[in-house]
Amino acid sequence: MIDLLSNALGDESLVQSFSGVRTIFGHGPDISEQHQTLAWAYGYCYVRTLVTGREPVLLLGRDPRPTGAALSKALARGFLAGAASRGYVPRIVDLGIITTPLAETAIRSLEADGGVIVTASHNPLAHNGFKFLTGCSQADDPNAAPAGALLSASVMANVIAGVAALAGSGDGDFSRHIQSVTENDLEEALTRPDNESSRIHAERAYLDVIGRDWDIAPHCLKPLTLGPALLDPNGGAGCGIDARVLEHFGVRVIEINAELGYPEHAIDTDGIDPASGRHMLLRVARAAARERAHFGVAFDYDADRGNLVLPGHDESAIITPQRVAAFNVALALARRTLNGGAHGKTAVVMSDATSLACERVAAAFGAEIFHVETGEINVVTKMHKLRMEGYDVPVGVEGANGGTVFETSTCRDGLQAALSAALAESQPQVAREWVRISSIASGGHIDPTQVLSLEELVASVPTNPNMMMRMTASAMSHGELKRRVENYFEETLWPRLQNRFQNYEFQNFEGTERVENRTGDESGAWRVLLHSQNRRAYVFLRGSRTEAGVWRMIVDADAADDFAILEPAAREMFESIG
């Protein structure tokens with residue numbers, strides 16, 4: 001068993017990070033002994049690291065990938081073995097195929113002590129993985145992620161280290177406890193008669209939470225006056241459920257590619273279709289045009305991402321991720337303003353890879369902006385901490401993909417992105433409030449009676465020239481590369497740029513904080529922010545934690561002429577030192 005675990009950990013396709021664990025499991029329905037052992041070990045270490053209480057409640061959920069059922073069963077066996085090693089008798093609730101946002105809400109609504117969602121999100125169908133969730137018993141810790149969120153980076157690091165220790169030490173207790181779990185034990189644990197009622201309870205709670213957050217009442221007989229919206233769940237976990245939820249809020253839905261477990265096209269829609277050379281979202285825009293929908297949404301396989309498009313027949317109908325994020329921030333803050341504002345200070349949390357255009361939107365409303373390192377859990381945890389400090393935090397932006405965390409949600413939610421677009425059309429006062437605030441910020445003038453179409457409203461939201469690149473460097477530590485970048489920038493690039501910018505600052509991000517000096521976690525993100533009198537720009541770098549020498553670079557600028565100079569200069573900088 002230990003040899004199988006060691007082999008699994010040595011697989012080059014294995015990704016272990018604070019966002020979860022992922023590798024290539026195959027097209028199923030069975031998984032290899034090696035992968036089975038990996039799941040046993042992770043389930044075992046998760047329970048031993050995080051779960052307390054004599055009878056903990058643990059939730060299982062998954063997307064429809066063919067290996068999902070086998071992987072869920074292996075994790076459940078690890079849960080049972082880990083609990084037995086602590087003298088616990090867990091109650092496992094199998095929610096079956098479920099979206100990630102719904103699974104995370106279920107943790108809170110069912111008052112569970114933890115759980116896991118089995119998914120590889122937007123990755124190809126042969127990939128699979130799992131994301132562990134924080135339970136309600138950890139909710140009182142002010143430094144922990146809120147209940148239902150992904151584990152914090154430090155806690156997930158402890159789970160990863162625990163699995164590595166099992167492989168290194170040949171822990172006999174692990175093997176003994178795994179072997180003590182019989183097939184009958186598993187069958188009994190996974191087929192509880194209350195599984196279906198628990199899922200129904202979780203779905204009802206999901207509706208209630210969204211209704212409370214957005215101040216709209218869900219009702220199964222609500223008139224369908226909004227939309228229509230075209231939804232493309234592509235055979236993923238969003239099939240049916242996302243349409244039902246939107247209809248509860250009055251959105252008429254046209255659903256395509258909605259046969260559960262049977263994707264009609266590549267799962268990652270935010271890219272180029274290799275067969276046609278066109279953007280994957282173009283098919284969704286064209287379908288929206290054919291069906292006369294007001295907009296379209298394409299979901300990834302666990303439905304935590306929703307890519308928005310307008311109806312159309314070319315790539316101009318595709319709304320870029322950063323514009324979607326700015327759109328969501330603008331409308332969330334406009335709704336707050338119209339509702340009388342917050343009882344305290346208003347804040348927006350943004351990852352270090354978020355476009356400066358989003359910051360301009362938040363600043364126009366007077367919101368305080370807090371930056372964190374890229375990663376959904378960093379955004380969610382910072383939003384949670386700020387609320388405990390008395391801030392009102394209506395929205396956060398998760399990363400370069402424009403993923404938005406709305407209100408009290410603990411993850412991105414593609415369905416709420418769709419709801420934001422639907423409400424934008426039905427609440428013209430919110431759209432006008434955004435345009436009014438934007439006009440004041442830019443010194444312009446608007447007609448207060450103006451009614452904007454969704455297309456006009458999207459176009460009113462600012463966007464920056466922005467480019468993300470995958471770069472490779474020779475083998476060196478993250479800290480060494482950052483030091484070389486800083487030296488090259490100061491000695492070579494800044495003399496060429498100071499006629500355009502007044503000053504610059506190096507910024508480092510680690511977890512939920514921006515740090516003045518790197519504290520030893522050299523794998524955190526870095527960027528140089530350049531200032532002039534009325535515009536800014538940045539170059540961002542973040543190295544892969546799993547692929548040596550692989551870096552992501554982002555260049556973003558408020559002005560197109562700044563971007564035209566900065567983008568090739570940034571490439572030159574990296575290539576010269578890498």
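You'll find the structure just up there.
Definitions and cut-offs
Residues numbered from 1 in each chain as written. Predicted model: local features only at pLDDT ≥ 70, side-chain atom pairs only at ≥ 80, totals over all residues. Heavy atoms only, no water. Helix = DSSP H or I, 4+ residues; strand = E, 2+ residues; numbered from the N terminus. Buried < 20%, exposed > 50% of the residue type's maximum accessible area, 1.4 Å probe, protein only. Contact = heavy atoms within 4.5 Å. Areas by Shrake-Rupley, 256 points an atom, 1.4 Å probe, with all protein chains shown as cover. Lys, Arg positive; Asp, Glu negative; His and termini not counted. Charge placed at Lys NZ, Arg CZ, Asp CG, Glu CD. Core = buried A, V, L, I, M, F, W, Y, C linked by side-chain atoms within 4.5 Å. Pairing = 2+ DSSP bridges. Axes fitted to C-alpha atoms, helices over the stretch in contact; angles between N-to-C directions. Polar contact = N/O pair within 3.5 Å; in protein donor to acceptor, adjacent residues only side chain to side chain.

### Quick notes on the overall build of the protein chain
Step number 1: Of the regular secondary structure elements, the protein chain holds 18 helices and 20 strands.
Step number 2: By its C-alpha atoms, the protein chain is 70 × 65 × 50 Å across when sized along the principal axes.
Step number 3: Going through the 578 residues of the protein chain one by one, you find that 59% of them count as buried.
Step number 4: For the protein chain, the share of sequence-separated contacts (at least 6 apart) that also reach a separation of at least 24 residues comes to 71%.
Step number 5: Just so you have it, the protein chain exposes about 22,500 Å², and 48% of that area is on carbon and sulfur atoms.
Step number 6: A distance of 2 Å separates the average location of the 51 positive side-chain charges in the protein chain from that of its 73 negative side-chain charges.

### With respect to the environment of tryptophan 526
Step number 1: Summarising the element assignment, tryptophan 526 is placed in strand β18 (residues 525-531).
Step number 2: By relative accessible area, which is 1% here, tryptophan 526 ends up buried.
Step number 3: Sequence spacing of tryptophan 526 and alanine 417 is 109 residues, and the spatial spacing of their C-alpha atoms is 29 Å.
Step number 4: Excluding residues within four positions of it along the chain, tryptophan 526 makes contact with Lys482, Val485, Glu486, Phe506, Gln507, Asn508, Arg518, Val539, Phe540 and Leu541.

### Describing the environment of alanine 84
Step number 1: Mapped onto the elements, alanine 84 comes out in helix α3 (residues 68-86).
Step number 2: By relative accessible area, alanine 84 is classed as partly exposed at 38%.
Step number 3: The spatial distance from the C-alpha of alanine 84 to the C-alpha of tyrosine 44 is 9.5 Å, given a sequence separation of 40 residues.

### Some words on the nonpolar core
Proteins that are soluble and globular tend to have nonpolar side chains buried together.
Step number 1: Tyr42 and Phe132 are the most contacted members of the largest nonpolar core, which has 135 residues in total.
Step number 2: Leave out the neighbours within four places in its chain, and tyrosine 42 touches Gln16, Val21, Phe130, Phe132, Met156, Val159, Ile160 and Val163.
Step number 3: Listed in part, the 29 residues of the second largest apolar core include Phe501, Leu530, Ala570 and Met573.

### Remarks on the pairing of β18
Step number 1: For β18, the tally of buried residues reaches seven of seven residues, placing the bulk of the element in the interior.
Step number 2: Because side chains alternate across β18, one face comprises the buried residues Ala525, Arg527, Leu529 and His531, and the other comprises Trp526, Val528 and Leu530, equally buried.
Step number 3: Relative to β18, strand β16 (residues 503-510) runs antiparallel, the two being bridged by seven bridges. Paired with glutamine 507 across the bridge in β18 is arginine 527.
Step number 4: What sits between the antiparallel neighbours β18 and strand β19 (residues 536-543) is a turn of four residues.

### Structural notes on the sheet that holds strand β8 (residues 251-255)
Step number 1: Spatially, β8-β7-β9-β10 is the arrangement adopted by the four strands of the open sheet, whose pairing is mixed. The two strands at the open ends of the sheet, each matched to only one other strand, are β8 and β10 (306-309). Pairs of neighbouring strands in the sheet enclose a mean axial angle of 30°, with direction left out of account.
Step number 2: By the bridge criterion, four bridges tie strand β7 (residues 226-232) to β8 in an arrangement that is parallel. By the bridge assignment, leucine 231 is partnered in β8 with glutamate 255.
Step number 3: With respect to the sheet, helix α10 (residues 282-290) is in contact with β7, β9 (295-299) and β10, its orientation differing from that of β9 by roughly 140°.

### Some remarks on the side chain of arginine 65
Step number 1: When you line up the elements, arginine 65 lands in the loop between β3 (57-62) and α3.
Step number 2: Since its relative accessible area comes to 1%, arginine 65 is described here as buried.
Step number 3: Side-chain polar atoms of arginine 65 contact the side chain of aspartate 63, separated by 2.9 Å.
Step number 4: Engagement of the side chain of arginine 65 in a polar contact is seen with the backbone oxygen of serine 121, the distance being 2.7 Å.
Step number 5: When neighbours within four sequence positions are excluded, arginine 65 is seen to be in contact with Thr119, Ala120, Ser121, His122, Asn123, Pro124, Leu125, His127, Asn128, Ile267 and Tyr301.

### As for the sheet that holds strand β5 (residues 114-118)
Step number 1: Reading across from one edge, β1-β2-β6-β5-β3-β4 is the order of the six strands in this open sheet, with mixed pairing throughout. Whereas interior strands pair on both sides, the edge strands pair on one side only; in this sheet they are β1 (15-17) and β4 (91-97). Neighbour-to-neighbour, the strand axes of this sheet turn through a mean angle of 10°, independent of strand direction.
Step number 2: Strand direction decides the pairing type here: β1 and strand β2 (residues 20-24), joined by three bridges, are antiparallel.

By themselves these figures say nothing about function.
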